[in-house]
Amino acid sequence: MENLPVDNELAEEKPREPIFNLPAILVVFVVICVGMHILRNSVFSQQLAEWVFVTFAYFPIRFTPEFFTLDLPTLISPVGHTFLHGDWTHLGMNMVWLVAFGAPVAYRLGALRSILFWILTALGAVILHTIIYYGDTVPLIGASGAVSGFLGGAARFGFKANRRNPRAGLAGPLYGPLDSLRQRGVIPFLAIWMVLNFAFGSDVLGLSGGASIAWEAHIGGLIAGFFAIGYLDTKRHK
């Protein structure tokens, strides 16, 4: 059989594409969320599953003067609640949104800053949730606040990702808060997102699984991500 000539330049221009264009840290977030859900519902004993829920779920009443105690749940729940979900629908929706908007942000920030970004957006979610539901006994669970933070971060770039090289993440520049809102499609998209969050968060569609997925916490995460990325993006001056 005759060997056909190969255009080396063409081969170099078209490197083999990976099957999944997901940053490793995002895969870690997804694995933790899915793994926690499987363990709580299919592996752990009922007693252990209840302990995990009480320890990781965020209860606003814990942070009132009457009940505040510097214990494990108090330290863990402000971020730990992001790894608990009510049911597979709740988990699935969050993971889809995380993959869609988290990947370009995570590639832009890198692993360590993405972890810090997750923590800050989770805290933003619980702060606003606590202000609105101060002293409430209903638990807050779900990665929605952190996921909303990645959406807020992407909005600072006008949702412009590097389509030729997804691993490059969001395409600069990082716009200022007001300038980002002037980018085409940003405000309409955020408006639609808020309406959908209100619909799901208020359980209009009956998808909450009996647990709180308050849409106000999503707003808190969005706001935190919208501003936090301005401090964590090291490429903004390049």
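Model, not experiment: these values are computed from the prediction.

Definitions and cut-offs
Residues numbered from 1 in each chain as written. Predicted model: local features only at pLDDT ≥ 70, side-chain atom pairs only at ≥ 80, totals over all residues. Heavy atoms only, no water. Helix = DSSP H or I, 4+ residues; strand = E, 2+ residues; numbered from the N terminus. Buried < 20%, exposed > 50% of the residue type's maximum accessible area, 1.4 Å probe, protein only. Contact = heavy atoms within 4.5 Å. Salt bridge = Lys/Arg side-chain N within 4 Å of Asp/Glu carboxyl O. Core = buried A, V, L, I, M, F, W, Y, C linked by side-chain atoms within 4.5 Å. Phe/Tyr/Trp six-rings, centres within 6.5 Å; stacked < 30°, edge-to-face > 60°. Lys NZ or Arg CZ within 6 Å of the ring centre and 35° of its normal. 1 Å grid on protein atoms, 1.4 Å probe; cavity = no way out; pocket = protein on both sides within 12 Å on 5 of 7 lines; lining within 4 Å. Points joined across faces, edges and corners; volume = space filled by probe spheres on them. Nonpolar A, V, L, I, M, F, W, Y, C, P; charged D, E, K, R; others polar. Axes fitted to C-alpha atoms, helices over the stretch in contact; angles between N-to-C directions. Parallel < 35°, antiparallel > 145°, perpendicular 65-115°, else oblique. Left-handed = near helix turned anticlockwise from the far one by under 90°. Expected span 1.5 Å × (residues − 1).

Caption draft 1: Summary view of the overall build of the protein. A count of helices and strands for the protein gives 10 helices and zero strands. Ordering the α and β elements of the protein from the N terminus gives α-α-α-α-α-α-α-α-α-α. For the protein, the proportion of its 238 residues judged to be buried stands at 44%. The contacts in the protein between residues at least 6 apart in sequence include a share of 76% that link residues at least 24 apart.

Caption draft 2: Structural detail: the side chain of Asn94. In this fold, Asn94 is placed in helix H5 (residues 88–109). Given a relative accessible area of 7%, Asn94 falls into the buried group. If we skip the residues at most four places from it in the chain, Asn94 touches His85, Gly142, Ala143, Ser144 and Val147.

Caption draft 3: Local environment of the pattern of salt bridges. Under the counting rule described, the total for this entry stands at two salt bridges. The salt bridge involving Asp233 is made with Arg108; its shortest N-O contact spans 2.9 Å. A residue pair is termed long-range when its members are at least 10 positions apart, and Asp233 in the segment after helix H10 (215–232) and Arg108 in helix H5 qualify at 125 residues. Taken individually, Asp233 and Arg108 each receive the classification buried, so the pair is uniform in this respect. Note that Asp179 is salt-bridged to Arg182, the shortest N-O span being 2.6 Å.

Caption draft 4: Examining the nonpolar core more closely. Counting residues in hydrophobic clusters, the biggest one holds 27 residues, and the most contacted among them are Phe29, Leu98, Val105, Phe117, Trp118, Phe150 and Ile229. Broken down by secondary-structure element, the contributors of at least two residues to this core are helix H2 (24–43), H5, helix H6 (111–132), helix H7 (144–155) and H10. No other element matches H5, which puts seven residues into this core. Residues in contact with Phe117, not counting those within four places in the same chain, are Val105, Leu109, Gly149, Phe150, Gly153, Gly225, Ala228, Ile229 and Leu232. Counting residues in each nonpolar core, the second largest holds nine residues, with Ala155, Leu190, Trp193 and Phe226 among its members.

Caption draft 5: Main features of the packing of aromatic side chains. Taken as a whole, this structure holds 11 aromatic pairs when the rule is applied. Ring geometry for Trp97 versus Phe101: centroids 5.5 Å apart, planes at 15 degrees, classification stacked. Placement of the pair is Trp97 and Phe101 together in helix H5, with a separation of four residues, close to one helical turn. Of the residues examined, Trp97 reaches a relative accessible area of 29% and is grouped as partly exposed. Sitting over the face of the ring of Phe226, Arg156 holds its NZ or CZ atom 5.4 Å from the ring centroid.

Caption draft 6: Representation of the environment of His129. Tracing the chain through its elements places His129 in helix H6. In this structure the C-alpha to C-alpha distance between His129 and Glu216, which are 87 residues apart in sequence, comes to 6.0 Å.

Caption draft 7: Quick look at empty space enclosed by the protein. The tally for this structure, following the rule as stated, stands at two cavities of 30 Å³ or more. Within this model, the second largest cavity holds a volume of roughly 50 Å³. If you go around the second largest cavity, you meet 10 residues; those closest to its centre are Leu140, Ile141, Gly142, Gly145 and Ala217. Across the lining of the second largest cavity, the residue classes break down as five nonpolar, five polar and no charged.

Caption draft 8: The arrangement of the packing of H5 against H6 in detail. Put simply, H5 and H6 touch, their axes get as near as 7 Å, and they point 130 degrees apart. When the axis of H5 is compared with that of H6, the two are oblique. The handedness of the crossing between H5 and H6 is right-handed. Of H6, the residues touching H5 (which contributes Leu98, Val105, Ala106 and Leu109) are Ala111, Arg113, Ser114, Phe117 and Trp118. The residue inventory of the contact of H5 with H6, partitioned by class, reads seven nonpolar, one polar and one charged.

Caption draft 9: Expanded view of H6. With 22 residues, H6 should cover 32 Å at 1.5 Å per step; its first-to-last C-alpha distance of 32 Å lies within 8% of that length. Every buried residue of H6 is accounted for by Ser114, Phe117, Trp118, Thr121, Ala122, Gly124, Ala125, Val126, His129 and Thr130. Elements that come into contact with the buried residues of H6 comprise H2, helix H4 (72–80), H5, H7 and H10.

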